[in-house]
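Inside the fold
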Amino acid sequence: MAIQLIVAKILRDELALRGIRSLTAGESEAIAARIFERITDLELELAARDFNKPEEPRRR
């Protein structure tokens, strides 16, 4: 996914600005992939909560 590579690059750049230079391209790509996995899991969890929420009565 191209967006994951962009996020990985941003992550490396942000860490470098803070003086952390030990993260390799592969490590940052793995972290970006994990971030996207966690976001997907959270989206699914939120969707399931919304799906299971009882419907409120309609007001007239």
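Refer to the structure printed above.
Residues numbered from 1 in each chain as written. Predicted model: local features only at pLDDT ≥ 70, side-chain atom pairs only at ≥ 80, totals over all residues. Heavy atoms only, no water.

Regarding the pattern of salt bridges
Filter applied, for reference: One speaks of a salt bridge when a side-chain nitrogen belonging to Lys or Arg is within 4 Å of a carboxyl oxygen belonging to Asp or Glu. Each helix is a run of H or I in the DSSP string that is no shorter than four residues. Each strand is a run of E no shorter than two, and both are numbered from the N terminus. Exposure categories follow from relative accessible area, calculated using a 1.4 Å probe and restricted to protein chains: below 20% of the type maximum is buried, above 50% is exposed, and the middle band is partly exposed.
Within the structure shown, the criterion is met by four salt bridges. For the salt bridge of Asp13 with Lys9, the shortest nitrogen-to-oxygen distance reads 2.9 Å. You can see Asp13 and its partner Lys9 sitting in helix H1 (residues 2-17), four residues apart, about one turn around the helix. Classification of Asp13 by relative accessible area gives partly exposed; the value is 34%. Overall, the relative accessible area of 41% leaves Lys9 in the partly exposed class. In this structure, the salt-bridge partner of Glu14 is Arg18, at a minimum N-O distance of 2.7 Å. When its relative accessible area of 34% is taken as the criterion, Glu14 is described as partly exposed.

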